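A look at the structure
Now for the letters of each chain:
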Amino acid sequence: MDRHRPALTRGWALALAVPPLVFLGLFFLWPVANILALGLAPEGELELAHVLHTWTEPFVLDIVLFTLALAGVSTLLTLLLGLPAAWVFARFEFPFKRAARALTVVPFVLPTVVVGSAFLALLGPRSPLNALGTAVFGEAFPQVRLDGSVEAIVIAHVFYNLAVIIRLVGGMWAHIDPRAEEAARLLGASAWRTFREVTWPLLRPAVISAASIVFLFTVTSFGVVLLLGSPRDTTLEVEIYRQTAILLDLPTAAALTLLQMGGVFILLLGSARAQEGLAVQQRLRGASETSRRPRRGRECALVMIILAVTVVLMFVPLAVLVERSLAGPDGYGLAAYASLLEADPRTRLTATPWTSVVDSLAFAAAATLIAGTLGLMAALAVGYRRGWLARGLDALIMLPLGTSAVIVGFGFLVSLDTPPLDLRTSMLLIPIAHALIALPFVVRSVVPVVRSIDDRLREAAAVLGASPGRAWREVDAPILARAALVGAGFAFAVSLGEFGATLFIARPDTVTIPVAIYRLLGQPGAANFATAMALAVVLMVLTALAVLLIERLRGRGPQPF
Amino acid sequence: MVRSRIAAGLGAGLLAASALPVAAEEATLTLMTHDSFFLPEGAIETFEADHGVDVQLLQAGDAGSMVNQAILTADRPLADVLFGVDNTFLSRALAADIFEPYVSPALAAVPAELQLDPAGRVTPMDYGDVCLNVDRAALEAEGLPWPESLEDLAAPALADRLVVQNPATSSPGLAFLLATVAYFGEDGWADYWAALRENGVTVSSGWEEAYYGQFSGGAGEGERPIVVSYASSPAAEVLYGPDPGAEVSPTAAIESGCFRQVEFAGILKGTPQPELAGALIDHLLSPEVQAEFPLAMFVYPARSDVALPDAFVQHALVPASPLSLDPDVIDANREAWISEWIDIVLR
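In this text, all values refer to a predicted model and were calculated from it rather than measured experimentally. (Residues numbered from 1 in each chain as written. Chains lettered and ligands numbered in written order. Predicted model: local features only at pLDDT ≥ 70, side-chain atom pairs only at ≥ 80, totals over all residues.)

Along chain A, the regular secondary structure elements total 24 helices and two strands. At 24 Å, chain A has a C-alpha radius of gyration in line with the 24 Å of a compact globule built from 561 residues. Taken over the C-alpha atoms alone, chain A extends approximately 70 × 70 × 50 Å along its principal axes. The buried share of chain A, reckoned over its 561 residues, is 53%. Put simply, 83% of the contacts in chain A that link residues at least 6 apart link residues at least 24 apart. (Helix = DSSP H or I, 4+ residues; strand = E, 2+ residues; numbered from the N terminus. Rg over C-alpha atoms; globule rule 2.2 N^0.38 Å. Buried ≥ 20, exposed ≤ 12 C-beta atoms within 10 Å, placed from the backbone. Contact = placed C-beta atoms within 7 Å.)

Structure representation (structure tokens):
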């Protein structure tokens, strides 16, 4: 029997690939192609001389090198800190694990304006860390001052992206059968050798998948660089924004965008190929079966150290936000939360901040529906099939993450302008843009799981007399459903926190939570600042609740293992 | 089963798309503005009631991004009226020919020096001054003099005290750069910035980071006592501070070195309802609505016959002779000045 007989015929795979392709074509490729055409052929004639001229400018080379170095270092550091945390979350039981896992997503969706202000408070001149150091070690203690530095950007990148590693790698890790590892240990292999030779090969595709998402996020990082970096530090994304939104120099913006998209696409194809080649079919096990309480003293200590580092990195900045939302001129209180419910003219929002919560939830639900449906289709087509078509679709789905938000936003403006597709000022555009950014998360949550479902299970079902459809329903569907829920949770959270694209879409007077926070922070006055922080805390709580709820759904239902 | 769901999805999508043009057929007028636009409840509603029209607000990023969006969509405008193009971006908007000329009868009450387009394509709405702000308490505690001129900022006494915004990414940052060009001339501003750099100036990417993050006065949490902000910021500190009735603001705006920003509104070419668009401009320029501008947006109304709120009279500054530059000169040199500034101050 052919071991690699795919569970999906070519025809079905193509049929499944069509809706996501149409979506991406209409709402990503077409708008981007239009704005690029305006830049590349301003008079209707293609002018490639300017592209080459831009690419060979010394300042462009500087920017590209800085962008790559920043993203590379950030990704490596995120992996270094994220993999141990993923291991702990996958393999061990500890109090409040579920809540902690849900909370790890929160940083990931917080708008950069909010994170920026928390990090400025932590790393800036009035850092409580410095006060603590001075109090404990005296005046001679060196004062940390990281705002306006590359270090601050990298720390914020790690803060943002740890969740990607913990969830995508940890999700896979939790399903890897620990018995092979146990057997290796019994046979005398060291812990490190067991990891390297048994666990790592099974884990590698998920690590590459997660790392490529982190790299994409950091290579296109925008707000963090502007807020925390020194104005000297210009990334490709910041320069594209400047050339497009501020200078309206579309020829230069187009040349830089081509460079960015081309580089990202090549990277994605390579990563898709690597993941496909490295995928190992294995018997996945239920997460509850593979985790246990830490046993020996050393193991306990290790788990606690890793958890402590993760908590400090991820939760201290969040705690700062909570503290600031409660701090008022007359001491701590809930005044800022009360102001969320009033249409205070001083907040300058068109409605009460609370309405932004309702709007955001509606947009997130719509975006999750779109991204979940299309993402599942794409994931099946990509996961069950091999070859360039599957790889191409996979890379194409990831591409919006590696494309400048301002280019997509301005692309919408110049292309979706003809009825019945004049969506430029339609509310539909917001969930569509969010779905574009959420799609990769759905696909990336499902594909590794699809690839590692053991064909033999299905074959065994067939031997026992099940039809192919029934075999798929009994074997694949439950596993996929849960993987899809993980992806949907991510999609919901991504939509709740999405800021960049929403900001570049001209929209009628509905605002999402991040946009409301941004507007509040742009207004003078301590009251507005506290209200913005309170709204950020609401966003945090909503995200954590949404993720918890989805994880709870995931936890029920039949256990196939 | 999968197929039927796709069909249902597509059906729902088409239904939603086809519903849109129907909604657009109601009498609506779209007002495109920047993100800082705000008017209190009632200001727009009276216009809607008077003209039986629904005014849609379209907030499209900061002023520069909004103008660029309007230029990109000139063939199929996103809105009927654009509010908030300022004198630093005016020439670009006029060169792109996106406005329909309109002379509002209310212009009679607007001083001539604010009417920067003789062809009447844009109507002045408000103005504000970008000025240096100081932290009164911090300067007094350190026994430092208040800066009385731009030159003082480069003096050793005020070393490491100033925070400015990057003109490449910030509107007040650009205004302050233009102030130095206007004050020192096209030959002198570069040397001045080299001296500021020597004297330890700090650069933030935007107003929020500079004011809240680096400035020590008022709501600021930083440690620098001098910041580039607005002439109205001291009034905002009192109104939004712990004591809205305070006699003295914790911060003060400095008279010298202010740069005037004038904001305009215009009718976008291609609007199917130019009369209604003109009526909205008249409405925004009416004494009642103009009186709302100071507290709503912390700017001064373009009309000279509108009484100012007490907090403005008491705490805000109207510089007697603010610096300014011809919009055409700004437009011709903006990018070159910014690039040169980056080389001098940041590289």
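Moving on from the model shown.
In most cases, non-glycine residues show a negative phi, while peptide bonds are predominantly trans. Residues and elements named next belong to chain A. With phi around 60 degrees, Phe96 is a residue other than glycine that occupies positive phi space. Its location among the elements puts Phe96 in the loop between α3 (58-91) and α4 (97-109). Judged by C-beta crowding, with 9 C-beta atoms within 10 Å, Phe96 ranks as exposed.

Another point: helix α8 (residues 207-214) of chain B. For the α-helix, the turn length of 3.6 residues means that residues three or four positions removed from each other point alike. When you tally the buried positions in α8(B), you get eight out of eight residues, the bulk of the element. Those residues of α8(B) that fall on the buried side of the exposure criterion are B:Trp207, B:Glu208, B:Glu209, B:Ala210, B:Tyr211, B:Tyr212, B:Gly213 and B:Gln214.

This paragraph deals with the packing of helix α1 (residues 10-40) of chain A against helix α16 (residues 353-384) of chain A. Packed helices, taken two at a time, are described by their axes: the angle between them and the distance between them. Residue and element names in this part refer to chain A. α16 packs onto α1 with a crossing angle of 135 degrees between their chain directions and a minimal axis gap of 8 Å. If you check the angle between α1 and α16, you find them oblique. Crossing geometry of α1 relative to α16 is assigned as left-handed. Where α1 approaches α16, its residues Ala13, Leu16, Ala17, Pro19, Pro20 and Phe23 are matched on the opposing element by Leu374, Met377, Ala378, Leu380, Ala381 and Tyr384. Its residues placed into classes, the contact of α1 with α16 shows 12 nonpolar, no polar and no charged. (Axes fitted to C-alpha atoms, helices over the stretch in contact; angles between N-to-C directions. Parallel < 35°, antiparallel > 145°, perpendicular 65-115°, else oblique. Left-handed = near helix turned anticlockwise from the far one by under 90°. Nonpolar A, V, L, I, M, F, W, Y, C, P; charged D, E, K, R; others polar.)

So, about the pairing of strand β6 (residues 162-165) of chain B. Residue and element names in this part refer to chain B. By the alternation rule, side chains of β6 split into Leu162 and Val164 and Val163 and Gln165, which are all buried. Pairing of β6 with strand β8 (residues 226-230) involves two bridges; the strand directions are parallel. Residue Val163 lies in a different strand from β8, and its bridge partner there is Val227. By the bridge criterion, three bridges tie β6 to strand β7 (residues 202-204) in an arrangement that is parallel. (Pairing = 2+ DSSP bridges.)

So, about the pairing of strand β5 (residues 123-135) of chain B. Residues and elements named next belong to chain B. The buried fraction of β5 amounts to 13 of the 13 residues, a majority that puts the element mostly inside the structure. In terms of strand pairing, β5 meets strand β10 (residues 259-268) through seven bridges, oriented antiparallel. Its bridge partner being in β10, Gly128 is matched across the sheet by Gln261. Bridge analysis of β5 against strand β11 (residues 300-301) gives two bridges, and the strand direction is antiparallel. Bridge assignment links Tyr127 to a residue of β11, and that residue is Tyr300. Here three bridges tie β5 to strand β9 (residues 251-253), and the two strands are oriented antiparallel to one another. Among the inter-strand pairings, Asn133 is bridged to a residue of β9, identified as Ala253.

Here we take up the environment of A:Ala118. Residues and elements named next belong to chain A. Counting through the fold element by element, Ala118 comes out in helix α5 (residues 112-123). Along the primary structure Ala118 and Phe27 are separated by 91 residues, whereas in three dimensions their C-alpha atoms are 34 Å apart. Sequence-distant contacts of Ala118, that is, excluding residues within four places in its chain, are made with Pro317, Val320 and Leu321.

Okay, the domain arrangement of chain B next. Note: interface size is frequently given as the accessible area lost on complex formation between the parts. All names here are of chain B. Looking at chain B, the domain boundaries give domain 1 (2-127 + 261-307) and domain 2 (129-259 + 318-346). Between domain 1 and domain 2, the C-alpha centre-to-centre distance is 30 Å. Here the side of domain 1 that touches domain 2 is built from residues that sort into five nonpolar, four polar and two charged. (Domains from an automatic or database assignment.)

As a further point, take the confidence of the model for chain B. Residue and element names in this part refer to chain B. Residues of chain B with pLDDT of at least 70 account for 93%, and the chain-wide mean is 87. Note that pLDDT drops below 50 for residues 1-25; the model gives that stretch nine contacts with residues more than four away or on any other chain. Reported for the predicted complex are a pTM of 0.81 and an ipTM of 0.76. (pLDDT = per-residue confidence, 0-100.)

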